[in-house]
Amino acid sequence: MIEQIKKLIAEGENQKVEFKKAKNDFPNDAFQTICAFLNADGGTLILGVENDGTIIGVNPSSIDKIKTKFVTSINNSEIINPIIYLDINEIKIEDKIILYVIVPNASNVYRFKSRIYKRNHESDVDITNIREEVARLYLLTDNSYSENQIFPFLPIEELRLDLIAKVKKIAKINNVNNDWNDLDTKEFLRRNKLYRRNYTTNQEGVTLAGVLLFGTDEQIASVAPSFKFELAKCVDNPERYDDRITLQTNLLDCLEQASAFIEKHLPSPFYLEGTQRIDLRNNIFREIIANMLVHKEYSGAEPTKLIIKKNEIIAENSNRPHIRGLITLENTENFSKNPNIVRIFRAMGYVEDFGTGIPKLFKYCSAYTGFAPIIKDENIFSITLPHEFFSTTIASEQVKKNRVQEKGSKIQDRVQDRVQDRVQEEILILCKTPKSLKEIMGNFKYKSVDKFRKNYINVLLQDGRLERTQTDKPTSKNQKYIAKNNEG
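Residues numbered from 1 in each chain as written. Predicted model: local features only at pLDDT ≥ 70, side-chain atom pairs only at ≥ 80, totals over all residues. Heavy atoms only, no water.

### Quick word on the pairing of strand β20 (residues 380-386)
For clarity, the threshold we go by: Exposure classes here rest on a 1.4 Å probe applied to the protein chains alone. A residue is buried below 20% of its type maximum, exposed above 50%, and partly exposed in between. The helix and strand labels rest on DSSP assignments: H or I over at least four residues marks a helix, E over at least two residues marks a strand, and numbering proceeds from the N terminus. A pair of strands is labelled paired if DSSP reports no fewer than 2 bridges between them.
Where burial is concerned, most of β20 is hidden: six out of the seven residues are buried. The pairing of strand β17 (residues 312-318) with β20 spans seven bridges and is classified as antiparallel. Note on β20: the bridge partner recorded for Ser 318 is Ile 380. In this sheet, β20 lies alongside strand β19 (residues 374-377) in antiparallel orientation, the contact comprising three bridges.

Structure (structure tokens):
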């Protein structure tokens, strides 16, 4: 333990380390620090050290007095409430006696003399009268998710049933084994934990997650009045916005409208990964926007923001920290902060697991902007993408080059669209009578069954121009396909 304490002293005071002189007594403000540690990420209180890290030690004749005061006070609910059981430990460094207290991250909200303190960098901040911070603190110490809040008086039939039908349809296309189409609306919501019962209060109803995903704009404004997604571009005049929109609608439409805003204002350079063209812009920002929506802490008052600036793009979100600090490739973990919202987005193909999406983000951002993203998991989650799209002549030339390449790629896309249209028309002609997938592919020079199914069969099924002969057994080996309305 001596080496660990030496290392902490060498690194200096920070979010999780505090020094106190405490030469002859246990300082009263050290209890304030303990309270702040308990209400944050925990930490280590070290006695006998100056603020600058100079080791002065504790007076040996005062050690018993200091320990007695600590133990007596820490067990007094008028000083620290609720009572917490902590040890004060003794070690010797450089022939000087050091006392230290290891404070855990607690599961309650703690008070020091009726005041609430929280650690912020090297300071103990009194947040007692800051209502929003106190609410956030209670939330962080609660093991439940705010997305599970129940609204018992919201009738299911007043939700956006068209959105539910859309999700079911796309989920089926993405996974033929998905059975959501077989469920009525209430069963679908209950299966995905978007309709729940609280067995303590006996309340039952649609959850906050259910409303955010499938509610009307009016319903969302009622249950989550602080939810806003602000997108802006401020490049030409940093003091004002070149363009700006504020979204206050369901999460699925938010994703589409936010993506459209990005497509409007940022270039899409031509990029090959092996032999496959990758749309860097859409891959990056689809991931960022979707993750901002599914991992947002919806009890927070801060709006979700995505701002395009001259030299950087910043995305910010109210957040319930998990890692706390910089997110890197080394510390990335798969952790869903709103698992029920994530489940729907994942079924739609909009998000990947956090543990796989972040490495892709690092990879594609470096290719897109030339810089790695800066990702911080704090009370405000943020992603910063440095770039040079608008800042220099070279950058301007690159943007122009990207636009030329984008124009060329659009021409290629149009050619590809015509090829796909022709193949689809031939498939529909072939399927005037039922045909198996093998029989259909026999007429075309495609080797990949999965790609053929995804690019043609699934598209025609989704458009309603093709249907399965065995609708109740989509994966049957005897499955065949027939064109709908072939008489017309």
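### What to know about the sheet that holds strand β1 (residues 17-20)
This is how the line gets drawn: The angle between two axes is taken between their N-to-C directions and runs from 0 to 180 degrees, where each axis is a line fitted to C-alpha atoms and a helix contributes only its stretch in contact. Pairs of residues are marked as contacts when any of their non-hydrogen atoms sit within 4.5 Å.
Taking strand neighbours across the sheet as the criterion, the four strands line up as β1-β2-β5-β4 in an open arrangement whose pairing is mixed. The strands lining the two open edges of the sheet, one partner per strand, are β1 and β4 (89-93). Ignoring which end each strand starts from, the neighbouring axes of this sheet average 25° apart. Relative to strand β5 (residues 96-103), strand β2 (residues 43-47) runs antiparallel, the two being bridged by five bridges. By the bridge assignment, Leu 45 is partnered in β5 with Val 101. Seen against the sheet, helix α1 (residues 2-11) touches β1, β2, β4 and β5 and runs at an angle of roughly 75° to β4.

### Quick word on the environment of Glu 330
As for its placement among the helices and strands, Glu 330 is situated in the loop between β18 (325-327) and α11 (339-347). We classify Glu 330 as exposed; its relative accessible area is 71%. With 29 residues separating them in the primary sequence, Glu 330 and Pro 359 have C-alpha atoms 9.6 Å apart.

### Observations concerning the pattern of salt bridges
Using the following cut-off: Put simply, a salt bridge is a Lys or Arg side-chain nitrogen that is within 4 Å of an Asp or Glu carboxyl oxygen.
By the definition in use, this model includes 20 salt bridges. In this structure, the salt-bridge partner of Asp 126 is Arg 115, at a minimum N-O distance of 3.1 Å. Of this pair, Asp 126 sits in strand β8 (residues 123-126) while Arg 115 sits in the loop between β6 (111-112) and β7 (117-120); the two residues are eleven residues apart in sequence, bridging distant segments of the chain. Ionic pairing is found between Arg 197 and Glu 204, a salt bridge with its closest N-O pair at 3.4 Å. Residue Arg 197 is classed as partly exposed on the basis of its relative accessible area of 37%. Through salt bridges with shared partners, one network takes in Glu 18, Lys 20, Asp 29, Arg 119 and Asp 124.

### Quick look at unusual backbone geometry
Between Asn 81 and the following residue, Pro 82, the backbone shows a cis peptide bond with an omega angle of 0°. Positionally, Pro 82 belongs in the loop between β3 (80-81) and β4. One non-glycine residue, Ser 114, lies in the positive phi region at around 70°. With respect to the helices and strands, Ser 114 occurs in the loop between β6 and β7. For His 121, which is not glycine, the phi dihedral falls at a positive 60°. Examined against the element boundaries, His 121 turns out to sit in the loop between β7 and β8.

### A short note on the packing of helix α10 (residues 280-294) against α11
Here is the rule: Throughout, the term roughly parallel applies to angles under 35 degrees, roughly antiparallel to angles over 145, roughly perpendicular to angles from 65 to 115, and oblique to all others. Three classes are used, and their members are as follows: Ala, Val, Leu, Ile, Met, Phe, Trp, Tyr, Cys and Pro are nonpolar, Asp, Glu, Lys and Arg are charged, and the others, Gly among them, are polar.
Interaxial distance between α10 and α11 falls to 9 Å at its minimum, and their mutual angle equals 150°. In terms of orientation, α10 and α11 fall into the roughly antiparallel class. Every residue of α11 that contacts α10 at Ala 290, Leu 293 and Val 294 is listed here: Ile 341, Val 342 and Phe 345. Broken down by class, the residue content of the contact of α10 with α11 amounts to six nonpolar, no polar and no charged.

### Focus: the nonpolar core
Where a protein is soluble and globular, its nonpolar side chains tend to be buried together. Applied cut-off: We call a set of buried Ala, Val, Leu, Ile, Met, Phe, Trp, Tyr and Cys residues a nonpolar core when their side-chain atoms join them within 4.5 Å.
Counting 73 residues, the largest nonpolar core has Phe 214, Phe 285, Ile 288, Leu 293, Leu 306 and Phe 345 as its most contacted members. If we skip the residues at most four places from it in the chain, Leu 293 touches Phe 227, Phe 229, Leu 251, Cys 254, Leu 255, Tyr 298, Asn 317 and Phe 345. Listed in part, the 28 residues of the second largest apolar core include Ala 30, Ile 34, Ile 79 and Ile 88.

### Quick look at the environment of Ser 61
Test applied: Counting of polar contacts relies on pairs of N or O atoms within 3.5 Å, with two restrictions inside protein: one atom must be capable of donating a hydrogen and the other of accepting it, and residues adjacent in sequence are counted only when both atoms are side-chain atoms.
On the secondary structure map, Ser 61 appears in the loop between β2 and α3 (63-74). Along the backbone, Ser 61 and Lys 23 are 38 residues apart, and their C-alpha atoms lie at a distance of 10.0 Å. Looking at Ser 61, its side chain comes within polar contact range of the side chain of Asn 59, at 2.9 Å.

### Quick look at the sheet that holds strand β13 (residues 243-247)
In a beta sheet, neighbouring strands are held together by backbone hydrogen bonds and run either parallel or antiparallel to one another. The strand order β13-β12-β16-β17-β20-β19-β18 describes an open sheet built from seven strands, whose pairing is mixed. Bordering the open sheet on either side are β13 and β18, each of which pairs with just one other strand. When strand polarity is set aside, the average angle formed by the axes of neighbouring strands in this sheet is 15°. As paired elements, strand β16 (residues 304-309) and β17 share four bridges and run antiparallel to each other. Each bridged residue has a counterpart across the sheet, and for Ile 308 the counterpart in β17 is Ile 313.

### A short note on helix α2 (residues 29-38)
Most of α2 sits inside the fold, with nine of its ten residues counted as buried. Taken residue by residue, α2 has Ala 30, Phe 31, Gln 32, Thr 33, Ile 34, Cys 35, Ala 36, Phe 37 and Leu 38 as its buried positions.

### A closer look at the packing of aromatic side chains
For clarity, the threshold we go by: Paired rings are identified among Phe, Tyr and Trp, the last through its six-membered ring, by centres lying within 6.5 Å, and are further divided according to the angle between planes into stacked (under 30 degrees), edge-to-face (over 60) and tilted (the rest). Two conditions define a charge sitting above a ring: the NZ of Lys or the CZ of Arg must be within 6 Å of the ring centre, and it must be within 35 degrees of the ring normal.
All told, the structure shown has eleven aromatic pairs when counted by the stated rule. Ring geometry for Trp 180 versus Phe 188: centroids 5.2 Å apart, planes at 75°, classification edge-to-face. Neither residue differs from the other here; Trp 180 and Phe 188 are each classed as buried. Members of the aromatic cluster, connected to one another through ring pairs, are Phe 285, Tyr 368, Phe 389 and Phe 390. The lysine or arginine in question, Arg 286, covers the ring of Tyr 350, its NZ or CZ lying 4.9 Å from the ring centre. Cation over ring: Lys 296 sits above Tyr 298, and NZ or CZ is 5.7 Å from the ring centre.

Everything listed here is a matter of coordinates, which is why it stays silent on function.
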